[in-house]
Amino acid sequence: MINIKKFVKNAIIEDNGRGDLFYDVAPKGKFTAKAIAKDDGILAGELYAKALAKTEKFDCKFLKHDGDRLKKGDVIAELEGKAAILLSSERTFLNMLQHASGIATMADKFVSKVGDLDVALLDTRKTRPQLRDFEKYASRIGGAINHRLGLDDCLMLKDTHMRTIKDLKVFIKDARKRISWVTKIEIECETFNQVKEAMEAGADIIMCDNMSPSEIKEVVEFRNENFPAVLLEASGNISLDTVREYALTGVDALSSGSIIHQATWLDFSMKFD
């Protein structure tokens, strides 16, 4: 909760600046309001919105919860507090819910395409700066699984890393002595020959990057026959239109940055009673 509290406080400071000019002239007494959905989708952001309410000291009762399906017109939450507080918090409160719910809704669309298959749907590190925890939380609410949260989660060697490595087998052997014993090594590959080299060098996970479904099927067959313990991830060109075709190749996971960076905010509003 520490990161959430910090996130919320920074968001309030960003919007209020030197202070909401309405604050000193606002009517006295308590007022009530409702947050209302103007789009269909999946709700996310409740955890952050509640932290905002606690920080700003207004009452907030959620009628819908993270992961719930929303229909246009649904009342998401009921709020009560001083007019100045509710109004100075309104935009930040809605922004967090709209942004998170948009991502959760996109994740849910992906999951609906492959939910009947034995494959993990992963998000990526393609997140907005300073918003990774928030956006990956929203992705998770929508049913996706988080890939790396940062560079310290897994040693992933992409094409740019590979250009600096002369002997992959020696590099991995040396890396195993330096990284945590439980940390996995993943290698990005664009061709079957790169896959074969990476598996023989001792990779734990292979990312089949920008390969066609037919090429990935060949990789899956090779893995199954020779390196059954190696996990396979497909990435690149994974969209709502292609995700099922890639899932049917037999890989263990699919990763798509679109879950987060192509998501569109849902439209919510706050109405005072």
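Residues numbered from 1 in each chain as written. Predicted model: local features only at pLDDT ≥ 70, side-chain atom pairs only at ≥ 80, totals over all residues. Heavy atoms only, no water.

**Q** Could you clarify how one ought to interpret the state of the cysteines in this entry?
**A** When the sulfur atoms of two cysteines share a covalent bond, that bond is a disulfide. In total, this model carries zero disulfides according to the counting rule given. With no disulfide of its own, Cys 189 has Cys 208 as its nearest cysteine by sulfur position, at a separation of 7.0 Å. (Disulfide = S-S within 2.5 Å.)

**Q** It is not clear to me how helix 6 (residues 168–176) should be interpreted in this structure. Could you clarify?
**A** Each turn of an α-helix holds 3.6 residues, which means side chains three or four residues apart point in the same direction. Within the sequence span of helix 6, burial applies to Leu 168, Ile 172 and Ala 175. Looking straight down helix 6, one finds its buried side chains confined to an arc of 65°; they lie on one side. Along helix 6, exposed side chains directed more than 90 degrees from the buried face belong to Lys 169 and Lys 173. Each element contacted by the buried residues of helix 6 is listed here: strand 7 (155–157), helix 5 (159–162), strand 8 (185–189) and helix 7 (192–201). (Buried < 20%, exposed > 50% of the residue type's maximum accessible area, 1.4 Å probe, protein only. Helix = DSSP H or I, 4+ residues; strand = E, 2+ residues; numbered from the N terminus. Arc of directions from axis to C-beta. Contact = heavy atoms within 4.5 Å.)

**Q** What is the right way to look at helix 4 (residues 132–141) in this model?
**A** Every buried residue of helix 4 is accounted for by Phe 134, Glu 135, Lys 136, Tyr 137, Ala 138 and Ser 139. Two residues or fewer past helix 4, Gly 143 is found with a positive phi of approximately 110°.

**Q** In this structure, what is going on with the sheet that holds strand 11 (residues 253–255)? I would like to understand it.
**A** As a general point, the strands of a sheet are linked pairwise by backbone hydrogen bonds and lie either parallel or antiparallel. Pairing in this open sheet of six strands is parallel, and the strands run 6-11-10-9-8-7 from one edge to the other. With one partner strand each, in any of the chains shown, strand 6 (120–122) and strand 7 form the two edges of the open sheet. Adjacent strand axes in the sheet meet at a mean angle of 20°, parallel and antiparallel pairs treated alike. Across three bridges, strand 7 lies against strand 8 in parallel orientation. From the neighbouring strand, Met 156 faces strand 8, where its bridge partner is Glu 186. (Pairing = 2+ DSSP bridges. Axes fitted to C-alpha atoms, helices over the stretch in contact; angles between N-to-C directions.)

**Q** What is the right way to read the pattern of salt bridges from this model?
**A** Opposite charge on two side chains permits pairing when their charged atoms draw close. What the rule picks out here adds up to 12 salt bridges. Across the salt bridge formed by Asp 123 and Lys 136, the nearest N and O atoms sit 2.6 Å from each other. Residue Asp 123 is located in the loop between strand 6 and helix 4, and its partner Lys 136 is located in helix 4; the two are separated by 13 residues in the primary sequence. As far as burial versus exposure is concerned, Asp 123 and Lys 136 are alike and both buried. (Salt bridge = Lys/Arg side-chain N within 4 Å of Asp/Glu carboxyl O.)

**Q** Explain the pairing of strand 10 (residues 231–235) to me, please; I cannot follow it from the model alone.
**A** Residues in a regular strand point their side chains to alternate faces of the sheet. Of all five residues in strand 10, four are buried, a share of seventy percent or more. Bridge count for strand 9 (residues 205–209) against strand 10 is five bridges, and the pairing is parallel. Note on strand 10: the bridge partner recorded for Asp 209 is Ser 235. Taken together, the three bridges between strand 10 and strand 11 define a ladder with parallel strand orientation. When the bridges of strand 11 are listed, Glu 233 appears paired with Ala 253.

**Q** What is the right way to look at unusual backbone geometry in this model?
**A** Backbone phi values are negative for most residues with the exception of glycine, while trans is the configuration of most peptide bonds. The phi dihedral of Lys 57 falls on the positive side, at around 65°, and the residue is not glycine. Following the sequence through the fold, Lys 57 ends up in the loop between helix 2 (46–56) and strand 3 (59–62).

**Q** Is there a simple way to think about the nonpolar core in this case?
**A** The tendency in soluble globular proteins is for nonpolar side chains to be buried side by side. One finds Phe 62, Ile 76, Phe 93, Ile 187, Ile 206, Leu 254 and Phe 268 to be the most contacted residues of the largest nonpolar core, which totals 77 residues. The element contributing the most residues to this core is helix 3 (residues 83–114), with 13 residues. Sequence-distant contacts of Phe 93, that is, excluding residues within four places in its chain, are made with Ala 35, Ala 49, Leu 52, Phe 58, Cys 60, Phe 62, Ala 77, Leu 79 and Met 270. (Core = buried A, V, L, I, M, F, W, Y, C linked by side-chain atoms within 4.5 Å.)

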